[in-house]
Amino acid sequence: MLKIAWKFIRFDKAKSIGVIVGILISTFLIGQQLGVFFFLSGLMGALATDVQADIWVVDSKTNDVNQLGRLDVRNLRAVQGISGVKEAFPLLITGASCNYKNGTSGGVTLIGADAHQLNAVIKPGKITAGNTTELQLDGAVSGEFFEKKNLGGAIDIGTDFEINGKRAFFALQTKGFRGFGSSFCVTTIERARFYSNQSVNTISAVLVNLQPGTRAEDVVADINQHIKGVRAWPSEQLAASSVKKILSSSGIALSTGTLIIFALIAGFFIIGLTMYSSALDRLKDYGTLKAIGAGNGYISRLILTQALLFSVAGFLIGLALLEGFRRGVANSGLIFSFSPLMLLTMFATIGLISLGGASFALSRIRSVEPAAVFR
């Protein structure tokens, strides 16, 4: 069956190439849109997952880590008294305006934490230059490599700039510590208050790490029951809630889904019409097969085998192009990857498109009479 299907494919190279191009275009467009979507959705909840904490305690009305309300610092002491809490520390997140040496200006998100907890805020694997102890220096903040253009074009260690009219300098570089639409600058909580004129009694969240063997669900329930005006979230749940809220209030999911649907439709009709045209050109060949005893079942398997071969070839070429795109955009900070399960799902989708497109040809071939070969 494979040998005969391959001969049919080779016979009409132009149409075979047309089918493969349709498949690889669908593969590339679907993968591209999914990759960008995964990247953006990852940024939406990145703060909750990047900072090393088991539980976030935030304002009772907050369900998005990118839009935290204000808490009274007394909530920190209340959380520290909850059973099962190993440590709890405050986090202050606030916006600020910056002026850079190249004459540009822009906004940043200041993240302030206790000096001895800065390692929990920035994972060591995301630090490319400097170390968190240097953030204790007067005016020291971190700068993100992929946000360099938004941070005055230079984040070299020692580069001076202004935050809300007050001197600051980059003492640490990160790579991959980013938020959704935010340029993160990490510093001590005292300095974050100084730059943003926040009260010493104001914080944005209390971060909690648990005693070994303690269930996060139990501590969350205890905090929510005994401390008024706050809500405790396991880190992963807060990240998921942030993604859900942003997707529901923006057009990102709709636009991505629409483009994927159009890629599926375009691929389906390109494949279907090309295979149908090829079948019309080969009616006598299929009629010959029927004349020598091949039934509709055999002809159907032959057409579907061709469709599967097209799927494999088109998917592999499309995947190679997609990998080139992925590596290219990674240099600009648009980083994503596909799990083996996702790749398998994409291939299954492409296979279904090809088999569906083959139905155009099947409907015509099944009506061919063996006598057609003699006409």
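Just so we're clear, the structure is a prediction, and the values are computed from it rather than from any experiment. (Residues numbered from 1 in each chain as written. Predicted model: local features only at pLDDT ≥ 70, side-chain atom pairs only at ≥ 80, totals over all residues. Heavy atoms only, no water.)

1. Notes on the pairing of strand E6 (residues 140–144)
Side chains on a regular strand alternate between the two faces of the sheet. The buried fraction of E6 amounts to 5 of the 5 residues, a majority that puts the element mostly inside the structure. In terms of strand pairing, E6 meets strand E8 (residues 166–174) through 5 bridges, oriented parallel. Bridge assignment links Val141 to a residue of E8, and that residue is Phe170. (Buried < 20%, exposed > 50% of the residue type's maximum accessible area, 1.4 Å probe, protein only. Helix = DSSP H or I, 4+ residues; strand = E, 2+ residues; numbered from the N terminus. Pairing = 2+ DSSP bridges.)

2. Overview of the environment of Ala348
The topology assignment puts Ala348 in helix H12 (residues 340–365). On the basis of relative accessibility, which here comes to 40%, the residue Ala348 falls in the partly exposed class. Along the primary structure Ala348 and Ser311 are separated by 37 residues, whereas in three dimensions their C-alpha atoms are 9.3 Å apart.

3. Regarding the state of the cysteines
Tallied over the entire structure, the rule returns 0 disulfides. Left without a disulfide partner, Cys98 is nearest to the cysteine sulfur of Cys185, which lies 5.8 Å away. With a relative accessible area of 0%, Cys185 lands in the buried category. (Disulfide = S-S within 2.5 Å.)

4. Topic: the pattern of salt bridges
Opposite charge on two side chains allows them to pair when their charged atoms are near. As enumerated under the stated definition, the model contains 6 salt bridges in all. The salt bridge partner of Arg327 is Glu323, with a shortest N-O separation of 2.8 Å. Of this pair, Arg327 and Glu323 are both found in helix H11 (residues 296–330), 4 residues apart, which corresponds to roughly one turn of the helix. What makes Glu323 partly exposed here is its relative accessible area of 27%. (Salt bridge = Lys/Arg side-chain N within 4 Å of Asp/Glu carboxyl O.)

5. Let's talk about the nonpolar core
Leu47, Trp56, Ile111 and Val121 are the most contacted members of the largest nonpolar core, which totals 30 residues. Setting aside residues up to four positions removed in sequence, Leu47 forms contacts with Trp56, Val65, Ile93, Ile111, Phe177 and Phe184. Core analysis: the next-biggest nonpolar cluster, separate from the first, contains 26 residues, Ala263, Val329, Phe338 and Leu362 among them. (Core = buried A, V, L, I, M, F, W, Y, C linked by side-chain atoms within 4.5 Å. Contact = heavy atoms within 4.5 Å.)

6. Quick notes on the side chain of Asp59
If you trace the backbone, Asp59 turns up in strand E1 (residues 55–59). An unpaired buried charge is present at Asp59: no salt bridge exists, and Lys61, the closest side chain of opposite charge, is 6.3 Å distant. A polar atom in the side chain of Asp59 sits 2.9 Å from the backbone nitrogen of Lys61. Here Asp59 is in contact with Gly69, Arg70, Leu71, Gly229, Val230 and Arg231, once residues within four sequence places are set aside. (Lys, Arg positive; Asp, Glu negative; His and termini not counted. Polar contact = N/O pair within 3.5 Å; in protein donor to acceptor, adjacent residues only side chain to side chain.)

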